[in-house]
Amino acid sequence: MSQFILHKENTRGHANHGWLNAHHSFSFANYYNPERMHFGVLRVLNDDSIDGGMGFGSHPHDNMEIITIPLAGAIAHKDSMGNSAVIKNGEIQVMSAGTGVSHSEFNANADEQLNLLQIWLFPNKKNVTPRYDQQTLDLAARHNNFQQILSPNADDAGVWIQQDAWFSLGKFDEGFETEYKIKKAGNGVYAFVISGEVTINGQVLSKRDGLGVWDTDSISFKANTADAEVLLMDVPMELN
Amino acid sequence: MQTTILYIGRDTEITAVMNRLLNARPEWKGLCVCKDEEAISICAEQQVDLVLLGNGIEPSSETELKNKLLSLRPELKIIQHYGGGSGLLYGEIMTALS
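Note that the structure is predicted; figures quoted are calculated from it, not measured. (Residues numbered from 1 in each chain as written. Chains lettered and ligands numbered in written order. Predicted model: local features only at pLDDT ≥ 70, side-chain atom pairs only at ≥ 80, totals over all residues.)

S.K.: So what exactly am I meant to see when it comes to the overall build of chain A here?
M.R.: Check the secondary structure of chain A and you find zero helices and 22 strands. Taken against the 2.2 N^0.38 rule, which gives 18 Å for 240 residues, the C-alpha radius of gyration of chain A at 17 Å falls within 12% of a compact globule. Overall, the C-alpha framework of chain A stretches about 45 × 40 × 35 Å when taken along its three principal axes. Buried positions account for 42% of the 240 residues belonging to chain A. A sequence separation of at least 24 residues applies to 71% of the contacts in chain A between residues at least 6 apart. (Helix = DSSP H or I, 4+ residues; strand = E, 2+ residues; numbered from the N terminus. Rg over C-alpha atoms; globule rule 2.2 N^0.38 Å. Buried ≥ 20, exposed ≤ 12 C-beta atoms within 10 Å, placed from the backbone. Contact = placed C-beta atoms within 7 Å.)

S.K.: Looking at this structure, how should I read the overall build of chain B?
M.R.: Within chain B, the regular secondary structure consists of four helices and four strands. Along chain B, from the amino end to the carboxyl end, the secondary structure elements read β-α-β-α-β-α-β-α. C-alpha atoms of chain B, sized along the principal axes, occupy 30 × 30 × 20 Å. Out of the 98 residues in chain B, the part that is buried amounts to 37%. Here the analysis covers contacts within chain B between residues at least 6 apart in sequence; of these, 70% occur between residues at least 24 apart.

S.K.: I keep staring at the pairing of strand 17 (residues 187-195) of chain A and nothing clicks. Help me out?
M.R.: Residues in a regular strand project their side chains so that they alternate between the two faces of the sheet. All names here are of chain A. Counting buried positions along strand 17 yields seven of nine residues, so the element is predominantly enclosed. Where strand 17 lies against strand 20 (residues 210-214), four bridges are found, and the strand directions are antiparallel. By the bridge assignment for strand 20, Tyr-190 is matched with Gly-212. (Pairing = 2+ DSSP bridges.)

S.K.: Which parts of the structure should I look at to understand the confidence of the model for chain B?
M.R.: Close inspection of predicted coordinates is inappropriate in any region flagged by low pLDDT. Here chain B shows a mean pLDDT of 95. Residues at 70 or above account for 100%. Mean pLDDT in chain B bottoms out at helix 1 (residues 12-23) of chain B, which sits at 94, and peaks at strand 2 (residues 28-33) of chain B, which reaches 98. (pLDDT = per-residue confidence, 0-100.)

S.K.: How should the sheet that holds strand 14 (residues 159-160) of chain A be read in this particular structure?
M.R.: Strand-to-strand pairing in sheets goes through backbone hydrogen bonds, with the strands running parallel or antiparallel. Residue and element names in this part refer to chain A. With mixed pairing, seven strands are arranged side by side in an open sheet as 1-20-17-22-15-13-14. The outermost strands of the open sheet, each flanked by one partner alone, are strand 1 (3-7) and strand 14. The sheet contact formed by strand 13 (residues 147-151) and strand 15 (residues 166-172) spans three bridges and is antiparallel. In the sheet register, Gln-147 faces strand 15, and the bridge partner there is Leu-169.

S.K.: What is the right way to read the environment of A:Ala191 from this model?
M.R.: Residues and elements named next belong to chain A. Its place among the elements puts Ala-191 in strand 17. Residue Ala-191 is classed as buried on the basis of its C-beta count, with 24 C-beta atoms lying within 10 Å. For Ala-191 and Leu-169, which are 22 residues apart along the polypeptide, the C-alpha to C-alpha distance reads 9.8 Å. Residues in contact with Ala-191, not counting those within four places in the same chain, are Ile-200, Leu-205, Gly-210, Leu-211, Val-230 and Leu-232.

S.K.: Could you clarify how one ought to interpret the sheet that holds strand 21 (residues 218-223) of chain A in this entry?
M.R.: Residue and element names in this part refer to chain A. Here four strands make up an open sheet; going across it, the order is 16-21-18-19 and the pairing antiparallel. Across the chains shown, the open sheet's two edge strands, defined by having one partner strand only, are strand 16 (177-181) and strand 19 (203-205). Averaged over all neighbouring strand pairs, the angle between strand axes comes to 25°, with direction disregarded. (Axes fitted to C-alpha atoms, helices over the stretch in contact; angles between N-to-C directions.)

S.K.: Looking at this model, I keep getting lost on the nonpolar core. Mind explaining?
M.R.: Soluble globular proteins: nonpolar side chains tend toward being buried together. Judged by nonpolar contacts, the single largest core of 79 residues is most densely connected at A:Leu121, A:Leu150, A:Ala165, A:Ala191, A:Met233 and B:Leu6. Here this core gets six residues from one element, more than from any other, and that element is strand 22 (residues 228-236) of chain A. Excluding its chain neighbours within four sequence positions, the residues that come into contact with A:Leu150 are A:Ile67, A:Ile92, A:Val94, A:Gly158, A:Val159, A:Ile161, A:Ala165, A:Trp166 and A:Phe167. (Core = buried A, V, L, I, M, F, W, Y, C linked by C-beta atoms within 7 Å.)

Below is the structure:
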């Protein structure tokens with residue numbers, strides 16, 4: 001029997017720092033909710049809006065898989081591995097922090113708002129060599145399809161990370177129905193609605209709602225509106 | 001009353017950041033070191049409520065370190081700190097102390 005947890009948009013943690021308007025699906029920084037610590041190895045799902053030219057100065061990370069997906073605008077990234085890049089909507093960035101890495105993240109545009117999802121997963125192996133990657137995604141491939149954008153395998157579609165996790169993005173026409181099969185036994189799926197309204201396993205979800213489903217090998221999906229866009233995060237439910 | 005938190009990690013930059021973050025909160029006293037011997041010495045000399053294991057600690061070193069710290073203070077809570085910064089720190093500590 002499958003189990004689920006529903007996180008409505010307005011129950012997320014919220015911190016407005018002026019230049020940064022952040023919504024946290026799970027406990028993060030000063031937002032602490034013992035009922036919202038993680039979904040399996042998914043520890044952080046931040047929905048950040050950053051004013052033009054503003055951002056996070058150099059700061060360190062370790063032992064975390066950090067995935068950034070710009071939803072609007074572009075982010076300028078620099079890190080201690082020598083990477084310097086701009087990642088824009090339609091691209092994905094991944095950083096395996098491993099033994100330690102420092103980076104800065106700024107809105108690359110002075111006159112445009114940046115909206116991004118930043119997702120942190122616990123790694124399946126501690127103290128790996130830090131690694132950075134980014135990819136441009138084929139936007140057409142996600143029309144009425146869950147396009148794989150991340151996996152554990154370097155030779156598979158999308159970026160790869162140090163965890164048995166698969167991410168997929170889809171953009172759907174109204175009324176489109178499909179089923180998503182979970183990639184690995186013991187994994188669950190956390191669905192995050194980027195836009196529109198969808199129904200997953202009978203639960204109606206609106207923009208920025210999240211639904212975690214586990215103890216199942218698949219989920220049912222239906223797009224209720226024409227602009228439905230969803231991120232699926234297929235992650236191990238057991239912490240390493 | 002302050003909660004004394006001992007952080008051990010191998011990266012000096014992250015250790016300095018952790019020192020700043022932990023001591024930024026008046027309810028916490030942060031002691032942050034890179035070497036196991038320093039951590040053991042601190043635990044032998046003063047009350048420590050919580051230990052955060054940071055980056056770069058090899059598995060064999062981690063086991064030995066935990067054993068030595070617990071032999072000094074059997075009631076000590078030892079947890080893994082992930083992320084290397086402020087994002088998860090408050091939640092990790094609140095969960096460990098609750």
